[in-house]
Amino acid sequence: MIALWCTLVLLLLLTGLSLLIVLGKALLSVFVTQDISLYVVLIVGLIVTFWLMTWFYMASIPADTASITDNR
Amino acid sequence: MMFPHDLSAGLIVPFAGVLLLSVAILVWSARRTRTASDFFIAGERIGPWQNALALAGDFVAAAGLLGITGLIALYGADGMVFAVGIVAGWPLIVFLFAAPLKQLGKYTLADVLTTKLGDDRLRSLVAINQLIVALTYLTAQFVGAGAILHLLFGVSETTGLLVVAVIMLVFMLMGGMLAATWLQIIKATAMICVAMLVLGACLARFDFNPVSLLHDAVSVRGPGIMLPGRLFQSPWETISLLLGLALGGASLPHVLMRMNTVADARTARKSAFLATSIIVVFHLIILMLGFAAVALLQPDAIRAADPGGNMALPLLAQLVGGDFLLGLVASIALTTILAVVAGLCISGAATLAHDVWGKVIRMGKADASEELMVGRVASMLLILAALGTGVIFQGQNIGYMSAFGLAIAASANFPALLLAIFWRPFTPAGAFAGMLSGLVLSLTLIALSPLVQIGVLHRPDTIFPLQNPGIVAIPTAFIVSVLVSLLSRRHRLAPQGL
């Protein structure tokens, strides 16, 4: 089930970002300096999070397992 | 700042170098391509690092290299959202598809679905889906290549398209997957090196301090460049784009097919993970390059070179490294397009030769050499078809055109592939209905989108307001697949899979 949970989290993160971009402009505008903004930090953080999720998934399953949820 | 329509040595040397390298790969791989397995999946003898670089090369096309840099250069942080969508497709491949696809050991998506669901009648529809996805994606690559040749050498975009088509015809008829894979490996490595080189040259102007670069970007264009709202106004447009990029990227036929070029399931998953790492690093570099373009280039100069902003990176390279760096960036961008076209053509050729010719027309009686011959002819036909559609769509934004191909793949392929692997009650009837609804709906909405209605047909208004059909077509395909599967469960054929 871990693959499906990871997928669900990833899709929720994407949806959350989409809603935040358009509906949360005021929130994202709270933190913006001459050098950086919350928006930029959030996007870079999301890209790194995707990589960490992949690393976590690779580390959490047996190396020679094709798919732990493949039930056919 | 002008593009060198009068050719300088600094521009010619990298182009000649890339061309000679491609010819060397072609000759080398032609000697090793003898069987259908060699042509379609490189004889399953590609290692994990090699496959990871080839996968990364397949995925990071001109739309990423030129498009994202240009979007950030013109619209600021909103352009970064495209990078999020493209990167998000990779974890999905690792989580869901890499190992199961390799374990099935099939050439094409049609093989995977028919094996999993036990109904060979799905093959024709899957083949049509794949061909449309390949053709849409190919068209975007052709338009990009034509634009690069036009901007750099002053030839017409149609001439540029013809040149690319001829190069690819020769390349595909002789090389096959082995040539495409090695071209991707070399291109991906070169692309990362060149991107780092340009970034290093940019950072040298800021005492190698990235914060100083960002500071200057804000000073030049104001704090608004770091905030949302310049590119996306509707949450539906943003969600639709991100879903299309992520789910479409995870179900592109030519990317999934690369899972079969390695020896086993473990290597397939490992190579997908390594590819994810390469793609993440590459996109972080691209984001910095975008802000370097904000700090160092004027928006008017970028728009003058190309209204879509696609020439921001070449302009930046020319500013910080002269004609030689410009030549390097341009040749790598062009090789990127050629390599992606090669991978797409192999995938499309495999579909036509193996699924349509071998399984439907010849009903399993075609031998490997016959499929190989049909595959080569199919490559030629696909390239000619893409040349025709490329002429029709020339002048359009290649980033949005690539997103069309991804949206079709996400609507027509992703639900069927996901449900076939993870949902036991999924039936052939559900797969057929889901794929058909996803394909028809995504194509219809693309035809009604602003890019086609206003950009191509020059109509004053459009019926469907979104550029990307993902938010409507993907859920519809899922719902139709599930409903029809539940209704037809009693009549489901016994599975023959794993």
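Preceding block: the structure.
The notes below deal with the structure included here. (Residues numbered from 1 in each chain as written. Chains lettered and ligands numbered in written order. Predicted model: local features only at pLDDT ≥ 70, side-chain atom pairs only at ≥ 80, totals over all residues. Heavy atoms only, no water.)

### Observations regarding the overall build of chain B
Move 1: Across its full length, chain B carries 21 helices and zero strands.
Move 2: Burial statistics for chain B: of 498 residues in total, 66% are counted as buried.
Move 3: Pairs at least 24 residues apart make up 84% of the contacts formed inside chain B by residues separated by at least 6 positions.
Move 4: Here chain B displays about 16300 Å² of accessible surface, and carbon together with sulfur accounts for 68% of that area. (Helix = DSSP H or I, 4+ residues; strand = E, 2+ residues; numbered from the N terminus. Buried < 20%, exposed > 50% of the residue type's maximum accessible area, 1.4 Å probe, protein only. Contact = heavy atoms within 4.5 Å. Areas by Shrake-Rupley, 256 points an atom, 1.4 Å probe, with all protein chains shown as cover.)

### Regarding the interface of chain B and chain A
Move 1: Contacts between the two partners involve 57 residues from chain B and, on the opposite side, 47 residues from chain A.
Move 2: Of the roughly 4500 Å² buried between chain B and chain A, counting both surfaces, carbon and sulfur atoms make up 72%.
Move 3: Considering only the side of chain B, the residues that lose the most area to chain A are Phe95, Pro228 and Arg269 of chain B, jointly responsible for 16% of the buried surface there.
Move 4: At the boundary of chain B and chain A, one finds zero salt bridges.
Move 5: At the boundary of chain B and chain A, one finds four residue pairs in polar contact (both at pLDDT 80 or more). (Buried area = accessible area lost by both parts, 1.4 Å probe. Salt bridge = Lys/Arg side-chain N within 4 Å of Asp/Glu carboxyl O. Polar contact = N/O pair within 3.5 Å; in protein donor to acceptor, adjacent residues only side chain to side chain.)

### Structural notes on the side chain of Asp78 of chain B
Move 1: Within the secondary structure layout, Asp78 of chain B lies in the loop between helix H4 (62-75) and helix H5 (80-104).
Move 2: Within the buried set, Asp78 of chain B has no salt-bridge partner at all; the shortest N-O distance to an opposite charge, 7.2 Å, is to Arg230 of chain B.
Move 3: Only 2.6 Å separates the side chain of Asp78 of chain B from the side chain of Tyr39 of chain A, close enough to count as a polar contact.
Move 4: A polar contact is formed between the side chain of Asp78 of chain B and the backbone nitrogen of Arg230 of chain B, at a distance of 2.9 Å.
Move 5: If we skip the residues at most four places from it in the chain, Asp78 of chain B touches Ile21 and Tyr39 of chain A together with Leu227, Pro228, Gly229, Arg230, Leu231 and Phe232 of chain B. (Lys, Arg positive; Asp, Glu negative; His and termini not counted.)

### Things to note about unusual backbone geometry
Residues and elements named next belong to chain B.
Move 1: With a phi close to 55°, Phe208 is a non-glycine residue in the positive phi region.
Move 2: Relative to the helices and strands, Phe208 is located in the loop between helix H9 (177-204) and helix H10 (210-221).
Move 3: Of the residues examined, Phe208 reaches a relative accessible area of 58% and is grouped as exposed.
Move 4: One non-glycine residue, His458, adopts positive backbone phi at about 55°.
Move 5: Positionally, His458 belongs in the loop between helix H20 (450-456) and helix H21 (470-488).
Move 6: The exposed category is assigned to His458, whose relative accessible area is 64%.

### A few points about the nonpolar core
Move 1: Within the largest apolar cluster, 178 residues are counted, with the highest numbers of intra-cluster contacts made by Phe97, Phe142, Val198 and Phe291 of chain B.
Move 2: With 21 residues, helix H15 (residues 312-361) of chain B is the largest single contributor of residues to this core.
Move 3: Dropping the residues within four chain positions of it, Phe291 of chain B is found in contact with Val40 of chain A together with Ile72, Ala77, Met80, Leu213, Leu214, Ala217, Ile225 and Met226 of chain B. (Core = buried A, V, L, I, M, F, W, Y, C linked by side-chain atoms within 4.5 Å.)

### Section: the packing of aromatic side chains
Move 1: Following the criterion strictly, the structure yields four aromatic pairs over all chains and no others.
Move 2: Between the aromatic rings of Tyr57 of chain A and Phe95 of chain B, the centroid separation amounts to 5.1 Å while the plane-to-plane angle is 70°, which identifies the pairing as edge-to-face. Taken together, the residues Tyr57 of chain A in helix H3 (residues 38-60) and Phe95 of chain B in helix H5 connect one chain to another. This pair shows no difference in class: Tyr57 of chain A is buried, exactly as Phe95 of chain B is. (Phe/Tyr/Trp six-rings, centres within 6.5 Å; stacked < 30°, edge-to-face > 60°.)

### Regarding the environment of Tyr39 of chain A
Move 1: Note that Tyr39 of chain A resides in helix H3.
Move 2: Overall, Tyr39 of chain A belongs to the buried group, its relative accessible area being 0%.
Move 3: Along the primary structure Tyr39 of chain A and Leu13 of chain A are separated by 26 residues, whereas in three dimensions their C-alpha atoms are 14 Å apart.
Move 4: Contact partners of Tyr39 of chain A, with chain neighbours within four places excluded, come to Ile21 and Leu28 of chain A together with Ala77, Asp78, Val81, Met226, Leu227 and Pro228 of chain B.

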